[in-house]
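Coordinate analysis (summary)
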Amino acid sequence: MSKKNNRGLKEALRKTIVSLKRKPQTIPMLVLAVAFVYYSLNLTHVSDTTAKIQSQGMGLSGFCTMLFSMLSFVCFMNAYPHRKKTNIPMLVLMFVMLIGLIFCDSYYMGCISRAMTRADHPIVVDQNTIYIQQAFDMLGVHRIILIVGFVLTLLVPVLRKLLKKIDTSLPVEEGSEMVSLHLSQED
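Note that the structure is predicted; figures quoted are calculated from it, not measured. (Residues numbered from 1 in each chain as written. Predicted model: local features only at pLDDT ≥ 70, side-chain atom pairs only at ≥ 80, totals over all residues. Heavy atoms only, no water.)

Within the secondary structure layout, Gln133 lies in helix α6 (residues 130-154). Considered as a pair, Gln133 and His45 are 88 residues apart in the sequence and their alpha carbons are 8.9 Å apart. The residues contacting Gln133, other than those within four sequence positions of it, are Met116 and Val125. (Helix = DSSP H or I, 4+ residues; strand = E, 2+ residues; numbered from the N terminus. Contact = heavy atoms within 4.5 Å.)

Right under this line is the structure:
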């Protein structure tokens, strides 16, 4: 890598850290966005599994997961308004929705387990029904991502303090180089 590219990469990293110092809540928001996208991209497995097993509450559980995922983003954005104090009621509502999401995932996984282990006509996972195992595995990963997002949201004040300890100021000699560049361009 050339020296110019290395300097550009360092500057991009510095700007990212400065941005995170201003808004540390971006970290948990990105984790929750990953959870939403991950669930959405695997929604076909959930729908096919619901159609195959047809256990009571499975469809409602999948619907609630999508609904709570979207509404938790709205609550998250309203919990951290720009240049204002944290909106505690919205933050609490978001936590309630995240707990609801984790419950829905656990309930759905329980329905799959019961369908595969029931005494009469158990569901057998083979090449034609592999999507059931994929849905089960996906829900386990989704639940873990949600828990990580939940914990990171709780730790936003700690993240803020840790990020403030990172020095993102420009060295003095680089600042003087920028001034000399501006002066030489004016000639």
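Once you've had a look at it, read on.
Attention now goes to unusual backbone geometry. One non-glycine residue with positive phi stands out, namely Gln54, at about 55°. Position of Gln54 among the secondary structure elements: in the loop between α3 (43-53) and α4 (58-79). Here Gln54 falls in the exposed class, since its relative accessible area comes to 63%. Phi is positive for Arg83, which is not a glycine, with a value near 60°. Here Arg83 lies in the loop between α4 and α5 (88-117). According to the relative accessible area criterion, Arg83 is exposed, its value standing at 75%. (Buried < 20%, exposed > 50% of the residue type's maximum accessible area, 1.4 Å probe, protein only.)

Of all hydrophobic cores here, the largest spans 20 residues; its most connected members are Leu32, Tyr80, Leu91, Met94, Phe95, Leu98 and Leu146. When contributions to this core are tallied by element, the ones reaching two or more residues are α2 (26-41), α4, α5, α6 and α7 (156-164). Per-element accounting of this core gives the leading share, 7 residues, to α5. Ignoring any residue separated from it by four or fewer positions in sequence, one finds Leu91 in contact with Ala79, Tyr80, Thr86 and Thr153. (Core = buried A, V, L, I, M, F, W, Y, C linked by side-chain atoms within 4.5 Å.)

You can see Thr129 is positioned in the loop between α5 and α6. Given the relative accessible area of 6%, Thr129 is considered buried. Not counting residues up to four positions away in its chain, the partners in contact with Thr129 are Lys52 and Val124.

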